[in-house]
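# Chains, contacts and geometry: an overview
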Amino acid sequence: SDTHKQFPRQNGVETNTAMKSDFSERKANKLFEKYKDNSEDAILAEGTERFCQDLKVSPEDFIVLVIAWKFQAAVMCRFTRTEFIQGCRTLRADSINAIKAKFPDLRHEVKTDDAMFKDLYRYTFGFGLDTEGGQRTLPCEIAIPLWKLVFYYRQPPILDRWCNFLTVNQVKGISRDTWQMFLHFVEVIGDNLSNYDDNEAWPSLFDDFVEYENDRLKTLNQVEKEDNNQEETHLV
Amino acid sequence: MSLKPRIVNFEETWGRLLETVQSVIQLGDIKRGTWSDRFSDVYALCVAFPEPHSERLYNVTKLFLEEHVDNLRKQVAGAGESLLSQYHRFWQQYSKGAAYMDQLYSYLNQHIRKQKMSEADRNFGAFTDTIEEQLMDIGELALDIWKRLMIRPLDKCLQELLLREMLKDRAGDDTQHTVLHSVINSLVEVEQYKKKQQLKLYQDLFEIKCLEQTGAFYRKESARLLQDHDCSQYMGKVLQRLQEEQLRSRKFLHPSSYHRVLEECQKRMVADHMSLLHSECRTMVRKEQRQDLSRMYELLKPITSGLSIMVEELEAHIIDSGRQAIAGLHGDNIPAQFVEAMLSLHIKFSEMITTVFNKDQLFTKSLDMACSSVVNKKLSSKHNSCRSPELLARHCDALLKKSSKGSSESELDDRLGQCILVFRYIDDKDIFQRFYARMLAKRLIHGLSTSMDAEESMINKLKQACGYEFTNKLHRMFTDMGVSDDLNNKFAKFSQEKETDLGINFSIYVLTTGSWPLGQSALTPFAISQELEKSVRMFEIFYSEKFPGRKLTWLHHLCTGELKLNYLKKPYIVTTTTFQMAVLLMFNNQDTVQYSELINSSLINEKELSKTVQSLIDTKFIEQNHEGPITENTSFTLNLLYSNKRTKFKITTAVQRDPPQQEVEQTHNAVDEDRKLYLQAAIVRIMKARKKLRHNILIQEVISQARSRFSPSVSMIKKCIEALIDKQYLERTTKADEYAYVA
C-alpha cells in the first residue's frame, strides 16, 4: 500500500518539473525580442500584428483580447517586456506553438467560468482606454467594437439594440461605471426590457436606452397595426 | 336616648317604621320629630342586643318595596292610553321617595357597606358582583326593585309606546315632552348607582330600537325628498331635518344618544346618497354655487373622507381657472398681468374657502396645491422650463424701478408682499433668483432703484421666505453699494491729500466678484480716454494701498459718463455710455474724425464700436459723411446744429424692449450649472455623513434638501451621482443599489 501512496505523489512531482521545464524565461525573452519595437522596450502595433500573424489569428480575434487580459496588458496594441514575460509565465508557454496550444483552454475558461469572464469584462474597459491621452471615458467608436468582441461567446440578447441606440443617439463616451454596470444590466434584463426598474441605481444612460427602446417598440407596433388594418381593407 | 345596644322588640318597632316608610315612599308629610325617631329606630334595630336585627329589617323593607311597586305596576298596566303618564307620575314620586328612604335608612346602609367591605376582604375582592346583588343600599334596592317589578314586566309595552310617541313627534303631532323625557330617562336613572354598564338597560330597551326606527324613517324620508327635489333643495331639507333631529334628541333622550342619533340620520340622508351628492359636486364647484357648496360642505364634513371628492373638484377648478387666466395673458406688461392674475386667483378662492368652507384645512391645502400647479406649469411637455420665475422677477423689477407712476411706500411694500405670495408657490426658486439678481444688478449699477429701503425690504422678504443662503448674494450686492459710497468719500479725501486735481467728478462702484451676475466674457478691449486716465490710475493706487492683493477689473461697458456740450447754441448735459463718451471726446480737438482713428485710439472691438457710432448717428450728434456701410475710411462730422428741447438727457442706445432670447437662455444654462454643483455638493454632504446609502434613500434626501430652491429631476440627480462616481467621490458597494463615500 505504501508504494501505491507514493506513486501518485511521485507523478505529481514529475509533472510539476515537467511544467517548469515547459517554460523558460530565456525563451520567452527571445520571443519578446522577436516582436519588440526598435525604439522602445515594448511590442507595439506593428509587433502585435506580426505576433498575431504568427499565431495565425486576426488582431481583431476574441483570443487576442483574452491574451492581452492574461498578459494584463495595460493598453491596446502594446505589451511591455514585464507584461509579456509575466504573461508567458502565467500561461506557462514560451513559444508560438505553446501559446497556440493554450487557445482551447483559454476559450473554454471564459466561456464557462463566470467569475473569469467578469474579470475579463472589467479588464476590457481599461484596455480600450487611451489613458496616456488623458481619456476618462471610452469613445463609442471604440466601446461598441469592444462590446461586440468581449461578448463573442456570450452575446446578450439586447447587445445589438444597445449598440444601435448608442449610434443613433450619438452618445459620446462610456464611463467606467456605465461599462461595468452594463454586465450587470444585461444579466438582469435578459431579453425583456420590462425587467428594468428605473428606480434602481442604474446609470442614467440605461434609463435613456430603455425609454428609447420602449418608444421605438410602441411606434413599431402602431405601424404594424396600421399595416394590418390596411390589409384588411384590401381584403374587403 | 342612649346609643348603647339594647333589647329591641322588632315587631313593634317595624310596625312604627313601616307606617312612616309608607308615607315617605309616597312623599307624604312627615314631621321632623317623627323622622328623627324613625331614624333612631333604624339605628336601634341594627345594633340590637343580643342579636342585631339588621338583616331582618333589610328583608322586610325589601318585601315592602316589592309589594308597593307591584301594586303601582298594576295601576300603570291598567292605565291604557295614559300608561306613560301614569308611569311618569309614579316614577317621579317613587324615585324621590326612594332617595328619602335611603336617607332614613342611612345607618343600615352604613352597616351594609361595612359588611360588604369585610366580606370583600375575605374574598380578596372576588365575587364582588354577587355580593352587590345580595346586599344593596336601600336606595339602590328600591331602584333595583323598580327595574325588576315595574320595567321588566312592562318592557315591550313601554318600548312600543315610547317609539310611537317619538314617531308622532317627528310627524309634528303634539306629545307630552316632559312625560316622554322622564320615562326615557328613568331607564338610565334606575341603573345609575351601578359601577358599570349603567346605560345597558337604556340601550337594550330603548336606544337600539329608537335608532333603528330613526334610520328607517329617514331612509324613507330621504327617498321621498329626493323624488320631489333637486340636489340643492334636498340638501336644504336635510340640513333642516338634521337640526330638528338634534333638537328632538335634546328634548327626549339621554345625552349619550345625541351623537348616535345624529350619526344615524347623517348615514341615512347623506352617506347613503354619497355618489349622488358627489356627482353634483363638479357642477356646483364649476359654477361656484356658493350656497349649495356651503350646504354640501356642512353635510359631507362629518362623513369619513366625505369631502375628498369636493376637495379634488375644487383643486381642479382652481387649476383650470388659473391656467385659463395665465393662457389669456397678452399685450404689454405680461409680468404684471401674470402676478395680478395669480393674486386675484388666490384672493378669490381663499375668500371662498373662508366663507363657504369654514377655512377648512383640506381646502386651504388644495388651494396651495392648485396655485403651485398653475405657477409651475411647464411650457410644454418637451420644454422643461416654466416662465413664471422670470415673469415674477420682471414684475419685481418693474415695481422697484424708478417710474413716473409714484406710489407710496406702503403701497409698494404691499405689492412686494404680494410678489412673495406668488414666489412661495414657485418650484424653481433658483431661476427666479438668477433673474432677480441680474435685474437687481442693473438697478443698482445704473441707479434705477426707486428706493433703497424698498430694495432692502424685498431682499429681507425673500430671505424670510427662503433662507439666508438664498439671498446671500443679493445681500452682498446691496452692501457693495453702501461700501462703495464710503470708498468714494475716502478716495476724494485721498486725492485731496495728494493734492491731485482729477479734473472731473469721478465716482466708482466696487463690486465683489462672484456676488454679481456680471459675465466678463463679452468684454471688449478698451483704451480709456485720456481725460479719464488720471482718475482711474489714482483710484487704482488708492485701492491697492487700502486693500493690498485685491484685483480690480474695470467693467467699462457698465459705466456711464456725463458730458457737458459747450459747442452748441445752449449748453447741454448728456449722459452717455463710456464708449459713446470715448467717441464724442475724440471730437474735442477736431470736427471730423475717421473711423480708423476711432478704432486706433479706443481699441474698442468692431461690433461694439459700430453699435456705438450708430447710436450717435441715430441721435444726430454726428453725421456720416458718405452714405453706405461704415468702413475704415468712413469719416464722421460733429453736428454743430444739434438741438434738443431738454438740456439734460440721456443718449439712448438701441435698447431691445424685450429681453433677448439669448439672455434668457444664458440664465437658464447658468441655473442648470448651478443646480449640478448644488446637487453634487448635497450628495457629497449626505454621503460624507452617512458613509453608505441605498440609491432611493439618497435620491429622496437630495430632493428634500433641494426642495427649498428647486425641484430636481431624478435623472439630473442620477447624472450627478455618476459624475461623482467618475470623480471617485463615491463608489458602488458590492450590494446592488448602494453607494459608499470614498474618503
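Rules behind the numbers
- Residues numbered from 1 in each chain as written.
- Chains lettered and ligands numbered in written order.
- Predicted model: local features only at pLDDT ≥ 70, side-chain atom pairs only at ≥ 80, totals over all residues.
- Heavy atoms only, no water.
- Pairing = 2+ DSSP bridges.
- Helix = DSSP H or I, 4+ residues; strand = E, 2+ residues; numbered from the N terminus.
- Axes fitted to C-alpha atoms, helices over the stretch in contact; angles between N-to-C directions.
- Contact = heavy atoms within 4.5 Å.
- Buried < 20%, exposed > 50% of the residue type's maximum accessible area, 1.4 Å probe, protein only.
- Buried area = accessible area lost by both parts, 1.4 Å probe.
- Salt bridge = Lys/Arg side-chain N within 4 Å of Asp/Glu carboxyl O.
- Nonpolar A, V, L, I, M, F, W, Y, C, P; charged D, E, K, R; others polar.
- Domains from an automatic or database assignment.

## Quick look at the sheet that holds strand β7 (residues 692–694) of chain B
Residues and elements named next belong to chain B. Pairing within the open sheet is antiparallel, and its three strands lie in the order β7-β9-β8. Both edges of this open sheet fall to β7 and β8 (730–732), since each of them pairs with a single strand only. Strand-to-strand twist in this sheet, taken as the mean axis angle between neighbours without regard to direction, amounts to 30°. In this structure, β7 lies alongside strand β9 (residues 738–741), joined through three bridges in antiparallel fashion.

## Some details on the environment of A:F185
Residue and element names in this part refer to chain A. With respect to the helices and strands, F185 occurs in helix α10 (residues 176–189). Remark: the alpha-carbon pair of F185 and E226, spanning 41 residues in sequence, is separated by 34 Å. With residues up to four places along the chain from it excluded, the contact list for F185 reads I158, Y196, W202, F206, F209 and V210.

## A closer look at unusual backbone geometry
All names here are of chain B. Although it is not a glycine, E288 sits at a positive phi angle of roughly 50°. Note that E288 resides in the loop between α12 (274–286) and α13 (290–300). Residue class for E288 comes out partly exposed when judged on its relative accessible area of 23%. Here the phi dihedral of N333 falls at roughly 60°; this positive angle occurs in a residue that is not glycine.

## A word on the interface of chain B and chain A
Contact residues are listed per partner, giving 12 residues for chain B and 15 residues for chain A. Taking both sides of the interface into account, the surface hidden between chain B and chain A amounts to around 1,100 Å²; carbon and sulfur atoms contribute 38%. Of all residues in chain B, B:K718, B:D726 and B:R732 bury the most surface against chain A, accounting for 50% of the area lost on that side. Between A:D207 and B:K718 there is a salt bridge; the shortest N-O distance is 2.6 Å. Broken down by secondary-structure element, the contributors of at least two residues to the side of chain B that touches chain A are α27 (695–706) and α28 (714–726) of chain B. Examining the composition of the side of chain B that touches chain A, we find that five residues originate from one element, α28(B), more than from any other. In the side of chain B that touches chain A, the residues fall into three nonpolar, two polar and seven charged.

## Brief notes about the domain arrangement of chain B
Buried accessible area, meaning the area lost when the parts come together, often serves as the stated size of an interface. Taken domain by domain, chain B comprises domain 1 (10–153), domain 2 (157–267), domain 3 (556–657) and domain 4 (661–741). Spacing between the C-alpha centres of domain 1 of chain B and domain 3 of chain B amounts to 120 Å.

## Let's talk about the sheet that holds strand β2 (residues 572–577) of chain B
Residues and elements named next belong to chain B. Across the sheet, which stays open at both edges, the three strands sit in the order β1-β2-β6 with mixed pairing between neighbours. Taken across any chain shown, the strands that pair with only one partner, and hence form the sheet edges, are β1 (560–565) and β6 (648–650). For this sheet the average axis-to-axis angle between neighbouring strands, irrespective of direction, equals 25°. Relative to β6, β2 runs parallel, the two being bridged by three bridges. Each bridged residue has a counterpart across the sheet, and for I573 the counterpart in β6 is K648. Of the strands in this sheet, β1 and β2 touch helix α23 (residues 578–585), which is tilted by about 125° from β2.

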